[in-house]
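Report on the structure
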Amino acid sequence: GLIWLASGVSNQIKMYLSHPHCAAGMNAAVRATVRVGIYTGAKVYFVHEGYQGLVDGGDNIKPATWESVSMMLQLGGTVIGSARCMDFKEKWGRLKAACNLVKLGITNLCVIGGDGSLTGANQFRTEWSELLADLTKQGKITAEEAKRSSHLNIVGMVGSIDNDFCGTDMTIGTDSALHRIIEVVDAITTTAQSHQRTFILEVMGRHCGYLALVTALACGADWVFIPEMPPEDNWEEHLCKRLIARTDAVISLCHSVQLVSKKLGFDTRSTILGHVQRGGTPSAFDRILGSRMGVEAVMALLEATPETPACVVSLSGNIAIRLPLMECVQMKTIGHFLVCRSFQNNWNTYKMLAHLVAPKIHPLSVLFSPSQSNINIAIVNVGAPCAGMNAAVRSAVRTGLIQGHQMLAVHDGFDGLSNGQIQPITWAEVGGWTGKGGSNLGTKRQLPGKNIEQISLNIAKFNIHSLIIIGGFEAYLGGLELVTAREKYEELCIPMVIIPATVSNNVPGSDFSIGADTALNTITTTCDRIKQSAAGTKRRVFIIETMGGYCGYLATMAGLSSGADAAYIYEEPFHIRDLELNVEHLIEKMKTSVKRGLILRNSNANDNYTTQFLFNLYSEEGKGTFDCRMNILGHMQQGGTPTPFDRNFGTKMGAKSVLWLTDKLKECYRHGRIFANTPDSACVLGMKRRSLIFQPLASLKEDTDFEHRIPKTEWWLKLRPILKILARYEAVEIDTSEAATMEHIIKKTGEIKGGKM
């Protein structure tokens, strides 16, 4: 259904932060809560210094304004402060806090913090009636005031770098912490390679090994120590055997150990990263996550009733959900790795890539004659290069070798496949590839086209039994061409899998593509610097063109993460009247204390309203009020070091594709050879909601706009109203067909396969 958010809502919402530590991305949540609250007609308050400010009252509780949360997105920490508060743990402290809220007529609290802060907020709500009764009896509030504040609504958002809160895939601050860690790891790795040293790193995480595990995946660490998986009794011997074969970058995470230098005599250095992991500029993901959670928190408060339990806003895949707060807190006692599927997947992938030795005998060898005892899997990169491609290749190669296959590298895309640029690739050759941008295999945009016959001949010549195609929309189209050609060329009747990898994020069958997160962070960082320039010069509007072809993903998400005033995309048609409204909006904005503007435009948003046209229009209409500058970011968006997400995503996608092909090869073995011509033997591996799933290429054709090279259904379009609301546009229509409702956590028990490491 569609609803209109009307102004004039009588609720009062208080912005509330109470975690003793801060996490990057909290300010995005603060900003969104304030602006959406004001948009709905609520009066919003800041409470400075967490629970202590709530207890002390006075100047610690101040009304928030639209302008007061400007220029917050790029700031780390929390601008409204946070502090430990022993007073709030005592009833007399909570009485003072309740009195301060009642006097201001505040009956809605939005709490950003960890499980301790959220538990305290829930206790505060549980005893609210008792606190009001005591305050009335003491004469500190009147009976009328008590009646007006008869119930307290609470919604929580989890801000923690540890990602140890059950019920959400990611907590605010985790992704930014991973960015800081990976920056350090990359720097240390180059030193390790130069000096042939072993480095041991300790990262934060308390009792949760998420940061250590994901970092280990993202950098290809030789060993990882995490609380959830204690090492085996003979781990020292196992570790030493692994390190003897390595003389350069060996990164061990979570616990510092002296074993390496004492037993092996290796030149070893230890680094404890400490609080650098909490600081710095928030990543694009954390800004968007904080913004989405802030919006959902306000909606939850406005919809709450006295019977509604305190809830926490969580992320499930790409969907915002609401969960009962205390259920989440109680589930934590079970253990994070038991209730988090993502954690288990990360662990299983890391354990397979880092700790298993490739079998000498191929598991499918019993199916073949001696001359065909090896399975050959070829890997090809297609389309424009992007960060994370190499991580996917590395993972696929090593997983294939572990499975006993021979892995073949195809250089320069489908051209290389037709020209015979195919050669075996080894375990060692892909070492260190996770942190490298671009495509080490080389890639081209050309489709199979007229080279289909030559490609089929080379598939037979090099005895290729299955094919992994990593790339963007060209990879998808090329896969379709190969499948169509199966009718004519029997050699193409082999299992195939397409792994989406493109900054445009426009491959059907997947919510995300490898490389898009890195590009998004590049755009966001650039916009931060541009906004900083505008903040200094005042009265300036920047118009920035992003990549993406006809897909507006980058422009939309960068608009959310950078606080843009508008983002023009092809999927949402715009006309001259829309441009006029945007200009008028900026003219009004220049009358406030926020004297700058940021406009994003997707490269193919409109054939006639080009970036140059927009620049000319805004420059002319803004004369006397603001001036304009134009930036076309270009191919810088395709380069750079992969982000933690793209490294981890690529690693898991590469591994999963090979495991799927291994199973599919068993199914397709017929009469002494591989023969695959069913629709489900050629699939796109994509992320849908929170799962990696395989979808037949043929089944995705109906959801594809081939002319404009985009899926017909794009989940992120539902986030565009948030961008407009946060930019202060009125009468914004919101699609609530997937509105968050209260859900419950289902207990998951059992052990991770493989047990200890």
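Values in this document were obtained by computation on a predicted structure and should not be read as measured data. (Residues numbered from 1 in each chain as written. Predicted model: local features only at pLDDT ≥ 70, side-chain atom pairs only at ≥ 80, totals over all residues. Heavy atoms only, no water.)

1. Regarding the side chain of Q638
Our working definition: Every helix listed is a DSSP run of H or I at least four residues long, and every strand listed is a run of E at least two residues long, numbered separately from the N terminus. In what follows, residue pairs with any heavy atoms lying within 4.5 Å of each other are defined as contacts.
Note that Q638 resides in the loop between β21 (627-632) and α23 (644-667). Aside from chain neighbours lying at most four places away, what touches Q638 is A384, P385, C386, A387, R445, V503 and M547.

2. What about the sheet that holds strand β15 (residues 422-424)?
The condition that has to hold: Between any two strands, at least two bridges found by DSSP are needed for them to pair. Axis lines are fitted through C-alpha atoms, for helices just across the contact stretch, and the angle between N-to-C directions can take any value from 0 to 180 degrees.
Overall, mixed pairing links the 7 strands, which are arranged β15-β14-β13-β16-β17-β24-β25 in an open sheet. If you trace the sheet from one side to the other, it starts and ends with β15 and β25 (691-696), each paired once. With strand direction ignored, the average angle separating the axes of adjacent strands in the sheet is 25°. Where strand β24 (residues 682-688) meets β25, 6 bridges bridge the pair, whose relative direction is antiparallel. Counterpart to G686 in the pairing with β25 is I693.

3. Here we look at the sheet that holds strand β19 (residues 566-568)
Read across the open sheet, the 4 strands follow the order β19-β20-β18-β21; overall the sheet is parallel. With partners counted over all chains shown, the strands left at the sheet margins are β19 and β21, one partner each. With direction set aside, neighbouring strand axes in the sheet form an average angle of 20°. Pairing analysis gives 7 bridges linking strand β18 (residues 540-546) to strand β20 (residues 596-602), with the strands arranged parallel. When the sheet's bridge partners are listed, E545 is paired in β20 with R601. Of the strands in this sheet, β18, β20 and β21 are in contact with helix α19 (residues 516-537), which crosses β18 at around 165°.

4. With respect to the pattern of salt bridges
Under the convention used in this document: Just to be clear on terms, a salt bridge is a Lys or Arg side-chain nitrogen sitting within 4 Å of an Asp or Glu carboxyl oxygen. Note on exposure labels: buried denotes an accessible area under 20% of the residue type's maximum, exposed denotes more than 50%, and partly exposed covers the range between, all computed with a 1.4 Å probe on protein chains only.
Per the stated rule, a full pass over the model turns up 27 salt bridges. Residue R601 pairs with E545 through a salt bridge whose shortest N-O separation is 3.7 Å. Here R601, found in strand β20, pairs with E545, found in strand β18; they are 56 residues apart in sequence, far enough to count as distant. The same class applies to R601 as to E545, namely buried. When the shortest N-O distance is used, the salt bridge between D565 and K589 registers 2.7 Å. In this pair, D565 is assigned in the loop between α20 (553-562) and β19 and K589 in helix α21 (residues 576-589), connecting sequence segments 24 residues apart. Across this residue pair, the class does not change: D565 and K589 are buried.

5. Quick look at the nonpolar core
For the record, the criterion: Only buried residues count toward a nonpolar core. Its members are Ala, Val, Leu, Ile, Met, Phe, Trp, Tyr and Cys residues joined through side-chain atoms within 4.5 Å.
Residues I379, I468, I470, Y553, M557, Y568 and Y618 are the most contacted members of the largest nonpolar core, which totals 95 residues. Top element by residues in this core is α19. It accounts for 7 residues.

6. Here we look at the packing of aromatic side chains
Keep this limit in mind: To pair, rings of Phe, Tyr and Trp, with the six-membered ring standing in for Trp, must have centres within 6.5 Å; the planes then decide the type, stacked if under 30 degrees apart, edge-to-face if over 60, and tilted in the middle.
All told, the structure shown has 14 aromatic pairs when counted by the stated rule. Taken together, a centroid distance of 6.1 Å and an interplanar angle of 80° make the contact between Y553 and W716 edge-to-face. Separated by 163 residues along the polypeptide, Y553 in helix α20 and W716 in the loop between β27 (710-711) and α25 (720-726) bring together distant segments of the chain. Among the aromatic residues, those joined into a ring-pair cluster are Y51, F88, F124 and W128.

7. A short note on helix α15 (residues 389-402)
Going by this rule: In a helix, the anticipated span is given by 1.5 Å times the number of residues less one.
Between its first and last C-alpha, α15 extends 20 Å over 14 residues, near the 20 Å set by a 1.5 Å rise per residue. Along α15, 14 of the 14 residues are buried, which leaves the element largely enclosed by surrounding structure. Just past α15, the residue G404 takes up positive phi, approximately 95°.

8. Some details on the confidence of the model for the protein
Applicable threshold: For every residue, the predictor reports its confidence as pLDDT, a number between 0 and 100.
Per-residue confidence for the protein gives a mean pLDDT of 85; residues scoring 70 or more make up 85%. Counting contacts from residues 1-10, a segment whose pLDDT is below 50, to residues more than four positions away or on other chains yields 29 contacts. Predicted confidence is poor over residues 358-363, with pLDDT under 50, and the contacts of this stretch with residues over four places away or in other chains come to 13 contacts.

9. Notes on unusual backbone geometry
For N163, which is not glycine, the phi torsion reads 55° and is therefore positive. Relative to the helices and strands, N163 resides in the loop between β6 (153-158) and α7 (174-195). The phi dihedral of D412 is positive, around 65°, even though this residue is not glycine. Counting through the fold element by element, D412 comes out in the loop between β14 (406-410) and α16 (413-419). A relative accessible area of 25% places D412 in the partly exposed class.

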